[in-house]
Amino acid sequence: IDAVRRRVARALAAIEAPSKKQTALFHVAEKWRDDLLADPEAMARFEREFPHANVNRLRALLEAARAERAGHRAPKHLRELFHAVSAAVQAAARPQ
């Protein structure tokens, strides 16, 4: 019975581990999104950290998200920006 409990505990830990990693990556993406919106120098840092990212798309989304905020419009581009940043963060975290 103890062996079964240990196997179940290991299986549960394996299921939980990716969830913790995904949560951490989500927070990293949130931080980058916020930094990109707040700091004009952040894009250069993002490009260095995530050279595979489509920076032209990110720049366009960033500009559109700022315009949305200024115009008090629904945050469609802000969400798209987050998804694009998150995709870059996720891709960088995948094992090569």
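What you see is a predicted model, and the numbers here were worked out from it, not measured in a lab. (Residues numbered from 1 in each chain as written. Predicted model: local features only at pLDDT ≥ 70, side-chain atom pairs only at ≥ 80, totals over all residues. Heavy atoms only, no water.)

**With respect to the environment of A29**
For A29, the position within the fold is in helix α1 (residues 2–38). Taking the relative accessible area as the measure of exposure, A29 reaches 0% and is therefore buried. Sequence separation between A29 and V85 is 56 residues; the distance between their C-alpha atoms is 5.8 Å. Setting aside chain neighbours within four positions, we find A29 in contact with F82, V85, S86 and V89. (Helix = DSSP H or I, 4+ residues; strand = E, 2+ residues; numbered from the N terminus. Buried < 20%, exposed > 50% of the residue type's maximum accessible area, 1.4 Å probe, protein only. Contact = heavy atoms within 4.5 Å.)

**Brief notes about the nonpolar core**
Counting residues in hydrophobic clusters, the biggest one holds 21 residues, and the most contacted among them are L36, F46, F50, L58, L81, V85 and V89. The element contributing the most residues to this core is helix α4 (residues 76–93), with seven residues. If we ignore the near neighbours within four places in the chain, the residues touching L58 are M43, F46, A53, L81, A84 and V85. (Core = buried A, V, L, I, M, F, W, Y, C linked by side-chain atoms within 4.5 Å.)

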